[in-house]
Amino acid sequence: MKKMGMKMEDLEGAREVIIRFDEKELIIDNPSVSLMNVMGQETYQIEGKAREVELEYEVEIPDEDIEMVANSANVSKEDAKAALEECKGDLAEAIMKLNS
């Protein structure tokens, strides 16, 4: 492998690997992690049992956005805020939802 410019080593002591997506995380506890370097390009190999965690976060919606959606969709501020929360702050999606 060395003649081909490949080097592989185990990374000792890794306690956790987290892969984050927009709405979830994959968490691998006590993983076995190896690092392969091929001509300067690093590749990590991770082995272990993954568990999936759904992310729940609260979107902070500015008052200006609530007013804009309320005015554009001709609805109350309460309805506009609810639509924005459901659409995770996406103005266009909230307006389209209220107008359909």
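Read on for an overview of the structure. The residue count restarts for each chain, going from 1 along the sequence in the order it is written. The predicted origin of the model limits local features to residues at a pLDDT of at least 70 and limits the giving and counting of side-chain atom pairs to 80 or more, whereas totals for whole chains, interfaces and linings rest on all residues. Neither water nor hydrogens contribute to the side-chain values; these are computed over all heavy atoms in the structure.

1. Here we look at helix 2 (residues 77-86)
- Whether a residue is buried, partly exposed or exposed follows from its accessible area with a 1.4 Å probe, protein chains only, as a fraction of its type maximum: under 20%, in between, or over 50%, in that order. Going along the chain from the N terminus, every DSSP run of H or I of four or more residues is numbered as a helix, and every run of E of two or more is numbered as a strand. Those residues of helix 2 lying buried are Ala-80, Ala-83 and Leu-84. The arc that holds the buried residues of helix 2, viewed along the axis, is 100°, so those residues lie on one side. Along helix 2, the residues that are exposed and aim more than 90 degrees away from the buried face are Glu-78 and Glu-86.
- Contacts made by the buried residues of helix 2 are with helix 1 (63-73) and helix 3 (91-99). The arc in question is traced by the directions running from the helix axis to the C-beta atoms. Note on contacts: a residue pair is in contact if any heavy atoms of the two residues lie within 4.5 Å.

2. Brief notes about the nonpolar core
- With ten residues, the main nonpolar core is built from Ile-61, Ile-66, Val-69, Ala-70, Ala-80, Ala-83, Leu-84, Cys-87, Ala-94 and Ile-95.
- Listed by contribution, the elements that provide at least two residues to this core are helix 1, helix 2 and helix 3. As used in this record, nonpolar core signifies buried Ala, Val, Leu, Ile, Met, Phe, Trp, Tyr and Cys residues forming a set joined through side-chain atoms within 4.5 Å.

3. Considering the environment of Ala-83
- With respect to the helices and strands, Ala-83 occurs in helix 2.
- For Ala-83, a relative accessible area of 4% puts it in the buried group.
- Residues Ala-83 and Ile-18, 65 residues apart in the sequence, show an inter-C-alpha distance of 31 Å.
- Apart from the residues within four sequence positions on either side, Ala-83 is in contact with Ala-94 and Leu-98.

4. Re the sheet that holds strand 4 (residues 32-38)
- In short, DSSP must find at least two bridges between two strands for them to pair. Spatially, 1-4-5 is the arrangement adopted by the three strands of the open sheet, whose pairing is antiparallel. The open sheet is flanked by strand 1 (6-11) and strand 5 (41-47), the only strands paired with a single partner. If you compare each strand with its neighbour and ignore which way they point, the axes differ by 20° on average.
- Across seven bridges, strand 4 lies against strand 5 in antiparallel orientation. Following the sheet pairing, Met-36 is matched in strand 5 by Thr-43. Axis lines are fitted to C-alpha atoms, over the contacting stretch for helices. Their N-to-C directions set the angle, which ranges from 0 to 180 degrees.

5. Some points on the packing of helix 2 against helix 3
- The interhelical angle for the contact between helix 2 and helix 3, taken along N-to-C directions, is 120°, at an axis separation of 9 Å. Taken as axis vectors, helix 2 and helix 3 run oblique relative to one another. In this structure, the crossing between helix 2 and helix 3 has a hand that is right-handed. Residue-level inspection shows Asp-79, Ala-80, Ala-83, Leu-84 and Glu-86 of helix 2 in contact with helix 3, the latter providing Leu-91, Ala-94, Lys-97 and Leu-98.
- The nonpolar class holds Ala, Val, Leu, Ile, Met, Phe, Trp, Tyr, Cys and Pro. Asp, Glu, Lys and Arg form the charged class, and all remaining residues, Gly among them, are polar. When its residues are assigned to classes, the contact of helix 2 with helix 3 shows six nonpolar, no polar and three charged. Oblique is the label for any angle not covered by the other classes, which are roughly parallel (under 35 degrees), roughly antiparallel (over 145) and roughly perpendicular (65 to 115). Crossing handedness is defined as follows: a turn of the near helix away from the far one that is anticlockwise and smaller than a right angle gives a left-handed crossing, while the clockwise case is right-handed.

6. Looking at the pattern of salt bridges
- For salt bridges, the criterion is a side-chain nitrogen of Lys or Arg within 4 Å of an Asp or Glu carboxyl oxygen. Under the counting rule described, the total for this entry stands at five salt bridges.
- The partner of Lys-88 in a salt bridge is Glu-23, and the shortest N-O contact between them spans 2.7 Å. Residue Lys-88 is found in the loop between helix 2 and helix 3, and its partner Glu-23 is found in the loop between strand 2 (16-20) and strand 3 (24-29); the two are separated by 65 residues along the sequence.
- Residue class for Lys-88 comes out partly exposed when judged on its relative accessible area of 42%.

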